Amino acid sequence: MGKQNEYKKKKISLWERYLTKEIGIEFKACLYFYCILFFYCMYKIYIGSMEANIIHMAQMIFLTYCMGYLQVFVLFDFDESDCVGGKEVCCMILCSFLYASASYFGKWFDGRFVLSLGFFAYMLFAYGCAFWVYKLKRDIDGKILNEELKAFQERNGEHHGK
């Protein structure tokens, strides 16, 4: 009976799984919003404006949250995949296209099609960078966990040896 209670305490609850997904979506929204806002601000500075449209920024943040849910629950979290294959590239293209379409129809770049096309390429690049950063973080986390496991095993072996 004691082991069952211990197992239940260690088992990840539905709430914890949901919370993990929500935190991931929040992180994605912040990351991609920053990327989008950077491009938008560089455009505004280039045209000589030091003002950003708050409606555009609201559209951007709303879209990044929607895209986060799409990526996590429909597109299998493709930017956090172990490798980039055809499926991941198609998802990157789809999401970049959706962002670029929103930029064009939302007139983030004053309805300039060429800039929305450039924004599409920029978002592809952003997805590539995000993939690389997620992979790098997983690799580092794996090394840390292996080091911690090794240290635990050494401590546990020394403890039982006495």
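All of the points below concern the structure found in this document.

Cut-offs and rules
- Residues numbered from 1 in each chain as written.
- Predicted model: local features only at pLDDT ≥ 70, side-chain atom pairs only at ≥ 80, totals over all residues.
- Heavy atoms only, no water.
- Patch = residues over 30% accessible without salt bridge, like charges linked within 9 Å, V, L, I, M, F, W, Y side chains within 5 Å.
- Areas by Shrake-Rupley, 256 points an atom, 1.4 Å probe, with all protein chains shown as cover.
- Salt bridge = Lys/Arg side-chain N within 4 Å of Asp/Glu carboxyl O.
- Helix = DSSP H or I, 4+ residues; strand = E, 2+ residues; numbered from the N terminus.
- Core = buried A, V, L, I, M, F, W, Y, C linked by side-chain atoms within 4.5 Å.
- Buried < 20%, exposed > 50% of the residue type's maximum accessible area, 1.4 Å probe, protein only.
- Contact = heavy atoms within 4.5 Å.
- Axes fitted to C-alpha atoms, helices over the stretch in contact; angles between N-to-C directions.
- Parallel < 35°, antiparallel > 145°, perpendicular 65-115°, else oblique.
- Left-handed = near helix turned anticlockwise from the far one by under 90°.
- Nonpolar A, V, L, I, M, F, W, Y, C, P; charged D, E, K, R; others polar.
- Phe/Tyr/Trp six-rings, centres within 6.5 Å; stacked < 30°, edge-to-face > 60°.

Now for a nonpolar patch on the surface. Taken together, Tyr34, Phe38, Met42, Ile45 and Met50 make up a surface patch of nonpolar side chains, about 590 Å² in accessible area. For Met42, the location among the structural elements is in helix α2 (residues 14-46).

This part is about the nonpolar core. Counting 29 residues, the largest nonpolar core has Tyr99, Trp108, Phe119, Met123 and Tyr127 as its most contacted members. Of all the secondary-structure elements, those providing two or more residues to this core are α2, α3 (54-73), α4 (86-105) and α5 (113-161). Looking at which element gives the most residues to this core, the answer is α5, with 9 residues. Not counting the four nearest positions on each side in its chain, Tyr127 is found in contact with Tyr32, Met67, Gln71, Phe78, Asp79, Met92, Cys95, Ser96 and Tyr99.

Let us now look at the environment of Cys90. Within the element layout of this structure, Cys90 appears in helix α4. Accessibility expressed as a relative area gives 53% for Cys90, which makes it exposed. Separated by 12 residues in the primary sequence, Cys90 and Phe78 have C-alpha atoms spaced 9.6 Å apart.

Attention now moves to the packing of α3 against α4. Interhelical geometry of α3 versus α4 gives an angle of 160 degrees and a closest axis separation of 11 Å. Here α3 is positioned roughly antiparallel relative to α4, judged by the angle of their axes. Crossing geometry of α3 relative to α4 is assigned as right-handed. Packed against α3, whose contacting residues are Leu63, Thr64, Met67, Leu70 and Gln71, the element α4 presents Cys95, Leu98, Tyr99 and Ala102 at the interface. Here the residues of the contact of α3 with α4 are counted per class, giving 7 nonpolar, 2 polar and no charged.

We now examine the pattern of salt bridges. Scanning the model with the defined rule gives 6 salt bridges in all. The partner of Lys28 in a salt bridge is Glu80, with the nearest N and O atoms 3.0 Å apart. Here Glu80 lies in the loop between α3 and α4 and Lys28 lies in helix α2, a separation of 52 residues in the sequence. If you follow the salt bridges from partner to partner, you end up with Lys28, Asp77, Asp79 and Glu80 in one network.

Our focus in this paragraph is the packing of aromatic side chains. In this structure the tally under the stated criterion is 15 aromatic pairs. Between the aromatic rings of Trp15 and Tyr18, the centroid separation amounts to 5.8 Å while the plane-to-plane angle is 35 degrees, which identifies the pairing as tilted. One end of the pair, Trp15, and the other, Tyr18, are both in helix α2, 3 residues apart, so they sit about a helical turn from each other. For Tyr18, a relative accessible area of 42% gives the class partly exposed. Between Phe119 and Tyr122 the ring centres are 6.3 Å apart and the planes differ by 25 degrees, which places this aromatic pair in the stacked class. Of this pair, Phe119 and Tyr122 are both found in helix α5, 3 residues apart, which corresponds to roughly one turn of the helix.

Turning next to the packing of α2 against α3. Axis separation between α2 and α3 bottoms out at 8 Å; the angle between their running directions is 140 degrees. Between α2 and α3, the angle falls in the class oblique. Viewed along their axes, α2 and α3 form a crossing whose handedness is right-handed. Residues Lys21, Glu22, Ile25, Glu26, Lys28, Ala29, Tyr32, Phe33, Ile36, Leu37 and Tyr40 of α2 pack against His56, Met57, Met60, Ile61, Thr64, Tyr65, Gly68, Tyr69, Gln71, Val72 and Phe73 of α3. For the contact of α2 with α3, the class distribution of residues is 14 nonpolar, 4 polar and 4 charged.

It is worth spelling out unusual backbone geometry at this point. Non-glycine residue Phe76 carries a positive phi angle of around 50 degrees. Tracing the backbone shows Phe76 in the loop between α3 and α4. For Asp77, which is not a glycine, the phi torsion comes out positive at approximately 55 degrees. The residue Asp77 is located in the loop between α3 and α4 in this model.

Function cannot be inferred from these measures alone, as they are strictly geometric.
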